[in-house]
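Residues per chain, in single letters:
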Amino acid sequence: MRELTVTRLPAFDDNYLWLIHGADPAQKHVAAVDPGDGDLVQQALDAYGYALDAILVTHHHGDHTGGVEQLARAHACPVYGPAREKIPAMTHPLAAGDLVQLPTLQRRFSVLDVPGHTAGHIAYVGHGALFCGDTLFSGGCGRLFEGTAAQMLASLDQLAALSPETLVYCAHEYTATNMKFALAVEPNNPRVADYAHAVTAKRAAGESTVPSTIERELTVNPFLRSRIKSVAERIWQEAGVAQASEAETFRWLREWKNRFR
Ligand code: ZN
Ligand code: FE
């Protein structure tokens, strides 16, 4: 299976909008993931002569949906999104286990329910790639705006179980600040230190740190590592508790990150 071709469109302060290309990129069929800025996507389509054949939305926040209505109208294309959320112009509400078939791209993606950041957040997996919106970031995870810690932990468990080489196309460039926090959680983990260093260098050179891989996230991301004994003990120490359940430990970790500067 040929690897997925994906174009990154940086938007706003730190968002990434993604264009997924067809199996034959020369045919110029694309799908847009989380098009928060319609003008930006339209400019890319115009510049390269791409045909927008589908829109894939992970959750309802405006930085992921702001351009959906405009683009769906202009291109008369289907809008896939989470069935449990209100998405503008949505034509194909999705839930776990559903398949998104994109015949003009010769691509298909399966849908995971990953609640936590929002109540109905979904992710798309296919062709060695994961589009996970604001659920998993490189070095971090989304804030718990609508879901519980237990939900987010279960959602991240699903993503962590994907094939290690899966490319993680998250929706924000938060990696540098995430890795500062990861270093506070695991100051003696050389993998964390090495990645934090590499991320700092990449950002200084104006480069993106996304996509990451599941394999890397398993080694550096504290939100995928909160069950490891040394990590859990560090979290309990910070929270001032002797011990806690897995979900509680994850909740303490998320709260620690929320106040971390
Ligand atoms: Zn969001
Ligand atoms: Fe976002």
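An account of the accompanying structure is given in this report. Every chain's residues receive numbers from 1 upward, in the order its sequence appears when written. Key to labels: chains lettered from A, ligands numbered from 1, both in the order written. Restriction of local features to residues with pLDDT of at least 70 applies here, the model being predicted, together with a cutoff of 80 or more for giving and counting side-chain atom pairs; totals for whole chains, interfaces and linings are based on all residues. Side-chain measures were taken over the full set of non-hydrogen atoms in the model, leaving aside hydrogen atoms and water.

Quick notes on the pattern of salt bridges
Now for step 1: The term salt bridge refers to a side-chain nitrogen of Lys or Arg lying within 4 Å of a carboxyl oxygen of Asp or Glu. This model, assessed by the stated rule, comprises nine salt bridges.
Now for step 2: Among the ionic pairs, Glu 246 bridges to Arg 227, the shortest N-O distance being 2.8 Å. Taken together, the positions of Glu 246 in helix α9 (residues 246-259) and Arg 227 in the loop between α7 (214-220) and α8 (229-239) put the pair 19 residues apart, joining distant regions of the chain.
Now for step 3: Exposure is judged per residue with a 1.4 Å probe applied to protein chains only, and the accessible area is read against the type maximum: over 50% gives exposed, under 20% gives buried, and values in between give partly exposed. You can call Arg 227 partly exposed: its relative accessible area is 41%.
Now for step 4: Ionic pairing is found between Arg 234 and Glu 238, a salt bridge with its closest N-O pair at 3.8 Å. Remark: Glu 238 and Arg 234 occur in helix α8; sequence separation between them is four residues, near one turn of the helix.
Now for step 5: Overall, Arg 234 belongs to the partly exposed group, its relative accessible area being 22%.
Now for step 6: For Glu 238, a relative accessible area of 33% translates into the label partly exposed. Going along the chain from the N terminus, every DSSP run of H or I of four or more residues is numbered as a helix, and every run of E of two or more is numbered as a strand.

Topic: the state of the cysteines
Now for step 1: Throughout, disulfides are identified as pairs of cysteine sulfur atoms within 2.5 Å of each other. Inspection of every chain in the model, using the stated rule, returns zero disulfides.
Now for step 2: With no disulfide partner, Cys 141 has as its closest neighbouring cysteine sulfur the one in Cys 132, 11 Å distant.
Now for step 3: On the accessibility criterion, Cys 141 (5% relative accessible area) is buried.

Things to note about the environment of Ala 232
Now for step 1: By the element assignment, Ala 232 lies in helix α8.
Now for step 2: Along the sequence, Ala 232 and His 61 sit 171 residues apart, while their C-alpha atoms lie 31 Å from each other.
Now for step 3: Once residues within four sequence positions are removed from consideration, Ala 232 is found in contact with Ser 226 and Thr 249. Working rule for contacts: check all heavy atoms of both residues, and any pair within 4.5 Å makes them a contact.

Thoughts on the side chain of Lys 257
Now for step 1: Within the element layout of this structure, Lys 257 appears in helix α9.
Now for step 2: Counted as positive: Lys and Arg. Counted as negative: Asp and Glu, with His and the chain ends omitted from the count. As a buried residue without a salt bridge, Lys 257 has its nearest oppositely charged side chain in Asp 14, at a separation of 11 Å.
Now for step 3: Discounting chain neighbours no more than four positions away, the residues touching Lys 257 are Asn 178, Phe 181 and Phe 223.

Side note on the coordination of the iron ion (ligand 2)
Each angle at a metal carrying four tetrahedral donors should ideally be 109.5 degrees, and each at a metal carrying six octahedral donors should ideally be 90 or 180 degrees.
Now for step 1: Water is not among the atoms examined, so metal sites may look incomplete; donors are the N, O and S atoms within 2.8 Å of the metal, or within 3.2 Å for Na, K and Ca. Every protein donor of the iron ion (ligand 2) is accounted for by Asp 63 (OD), His 64 (NE2), Asp 134 (OD) and His 172 (NE2), and the metal-donor separations fall at 2.1 to 2.3 Å.
Now for step 2: In short, tetrahedral needs four donors with all angles between 85 and 135 degrees, square planar needs four and octahedral six donors with opposite donors over 155 degrees apart and all other angles between 65 and 115, and whatever is left is irregular. Around the iron ion (ligand 2) sit four donor atoms, and with donor-metal-donor angles ranging over 85 to 166° the site reads as irregular.
Now for step 3: A spacing of 3.2 Å is found between the iron ion (ligand 2) and the zinc ion (ligand 1), which share Asp 134 as a donor. One end of the pair, His 64, is in helix α2 (residues 62-65); the other, Asp 134, is in the loop between β10 (129-133) and β11 (136-137), and 70 residues separate them in sequence.

A closer look at the layout of surface pockets
Leftover empty space is mapped by rolling, across the atoms, a probe with the size of a water molecule.
Now for step 1: Site definitions follow a grid-based scheme: protein atoms alone, a 1 Å grid, a 1.4 Å probe that fits but cannot get out for cavities, and for pockets an open set with protein on both sides within 12 Å along at least five of seven lines, plus lining residues having an atom within 4 Å of a point. Grid points are joined across faces, edges and corners, and a volume is the space filled by probe spheres set on the points. Empty space within the largest pocket amounts to approximately 380 Å³.
Now for step 2: Every residue lining the largest pocket is counted, 19 residues in all, and those nearest its centre are Arg 143, Tyr 174, Asn 178, Arg 254 and Lys 257.
Now for step 3: Breaking the lining of the largest pocket down by element, the ones donating at least two residues are α5 (175-185) and α9.
Now for step 4: A total of four residues in the lining of the largest pocket trace back to one element, the largest contributor, which is α5.
Now for step 5: For this classification, the nonpolar set comprises Ala, Val, Leu, Ile, Met, Phe, Trp, Tyr, Cys and Pro, the charged set comprises Asp, Glu, Lys and Arg, and every other residue, Gly included, is treated as polar. Looking at the lining of the largest pocket residue by residue, the class counts come to six nonpolar, seven polar and six charged.

A look at the sheet that holds strand β5 (residues 79-82)
Now for step 1: Here, strands pair whenever DSSP counts at least two bridges between them. Strands sit in the order β1-β2-β3-β4-β5-β6 across an open sheet of six strands; the sheet is mixed. Whereas interior strands pair on both sides, the edge strands pair on one side only; in this sheet they are β1 (6-11) and β6 (92-94). The average undirected angle you get between the axes of adjacent strands in this sheet is 25°.
Now for step 2: Of the strands in this sheet, β1, β2 (15-21), β3 (29-33) and β4 (51-56) touch helix α1 (residues 38-48), which is tilted by about 140° from β1. Axis definition: a line fitted to C-alpha atoms, over the contacting stretch in the case of helices. Angles run 0 to 180 degrees between N-to-C directions.

A few points about helix α4 (residues 149-160)
Now for step 1: Multiplying 1.5 Å by the helix residue count minus one yields the expected span of that helix. Over its twelve residues, α4 extends 16 Å from the first C-alpha to the last, a length consistent with the 16 Å expected when each residue adds 1.5 Å.
Now for step 2: Where α4 is concerned, the buried positions are Ala 149, Met 152, Leu 153, Ser 155, Leu 156 and Leu 159. Looking straight down α4, one finds that the buried residues subtend no more than 160° of arc, so they occupy a single side.
Now for step 3: Of the surrounding elements, those touching the buried residues of α4 are β8 (107-113), β10, β11, β12 (140-141), α7 and α9. Directions drawn from the helix axis to the C-beta atoms are what define this arc.

Details of the pairing of strand β13 (residues 167-170)
Now for step 1: Bridging between β10 and β13 involves four bridges; their strand directions are parallel. Within the sheet, the bridge partner assigned to Leu 130 lies in β13 and is Val 168.

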